[in-house]
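If you want the building blocks of each chain, they are given just below.
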Amino acid sequence: MSNKKVIQTLDAPAAIGIYSQAVCVNKTVYLSGQIGLDPNSMQMEEGIEAQIHRVFQNLRAVAGAADSSLNDVVKLNVYLTDINSFTKVNEIMTSYFHQPYPARAVVGVAALPRGALVEMDGILCLQD
């Protein structure tokens, strides 16, 4: 694959498996799933609100390592162990994203790694 670059930062949790925090191919960055882990302690934040904020902060850190920002996210996938947290995601998302908002999917799941309540991944498109 031409022009493939691994993106890595200490400002987001280290990968807890055999994957990269993100991979950039040409002008597209594929952000791996982030859960509510604090990158310094590698401990899970307490509660859904804190985890949602931490996930957005982790995604922002990885986007920054790609010389980008959350403004360049074109697709966001959200996975929730309790789909009733959907409204809380919307509420908190407004403090991290501005119009035009990215395309998004929200999926209810049975479980997430490390007992997380929320996980998000995304795709961003780098500006020229």
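Located above this text is the structure these notes cover.
Each value, and the rule that gives it
- Residues numbered from 1 in each chain as written.
- Predicted model: local features only at pLDDT ≥ 70, side-chain atom pairs only at ≥ 80, totals over all residues.
- Heavy atoms only, no water.
- Buried < 20%, exposed > 50% of the residue type's maximum accessible area, 1.4 Å probe, protein only.
- Helix = DSSP H or I, 4+ residues; strand = E, 2+ residues; numbered from the N terminus.
- Arc of directions from axis to C-beta.
- Pairing = 2+ DSSP bridges.
- Core = buried A, V, L, I, M, F, W, Y, C linked by side-chain atoms within 4.5 Å.
- Contact = heavy atoms within 4.5 Å.
- Expected span 1.5 Å × (residues − 1).

1. Some words on helix α2 (residues 86-93)
For α2, every residue scored as buried is listed here: Val 89, Ile 92 and Met 93. Projection of α2 onto a plane perpendicular to its axis shows the buried side chains occupying an angular sector of 100 degrees, all on one side.

2. Focus: the pairing of strand β3 (residues 28-35)
As paired elements, strand β2 (residues 22-25) and β3 share four bridges and run antiparallel to each other. Across the sheet, Cys 24 pairs through a bridge with Val 29, a residue of β3. The sheet contact formed by β3 and strand β6 (residues 118-125) spans six bridges and is antiparallel. Looking at the pairing, Tyr 30 lines up with Ile 123 of β6.

3. Topic: the nonpolar core
Judged by nonpolar contacts, the single largest core of 28 residues is most densely connected at Val 29, Phe 56, Leu 76, Phe 97 and Met 120. Those elements giving two or more residues to this core turn out to be β2, β3, α1 (48-65), β4 (73-80), α2 and β6. If one sorts the elements of this core by residue count, α1 sits on top with seven residues. Those residues in contact with Phe 97, other than ones at most four positions away along the chain, are Phe 56, Leu 70, Val 73, Leu 76 and Pro 102. Counting five residues, the second-largest nonpolar core is a separate cluster that includes Leu 37, Met 44, Leu 112 and Ala 116.

4. Observations regarding α1
In a regular helix each residue adds 1.5 Å, so 18 residues correspond to 26 Å; α1 covers 26 Å between its end C-alpha atoms and thus fits that length. On its buried face, α1 is in contact with β1 (4-7), β2, β3, β4, α2 and β6. Asp 67 occupies a position one or two residues after α1 and carries a positive phi of about 55 degrees.

5. Comments concerning unusual backbone geometry
The amide bond that connects Gln 99 to the next residue, Pro 100, takes the cis arrangement and shows omega of 0 degrees. Residue position: Pro 100 is located in the loop between α2 and β5 (103-108). Phi is positive for Asp 67, close to 55 degrees, though the residue is something other than glycine. Locating Asp 67 in the fold gives a position in the loop between α1 and β4. Even without being glycine, Arg 114 reaches a positive phi, approximately 60 degrees. By secondary structure assignment, the location of Arg 114 is in the loop between β5 and β6.

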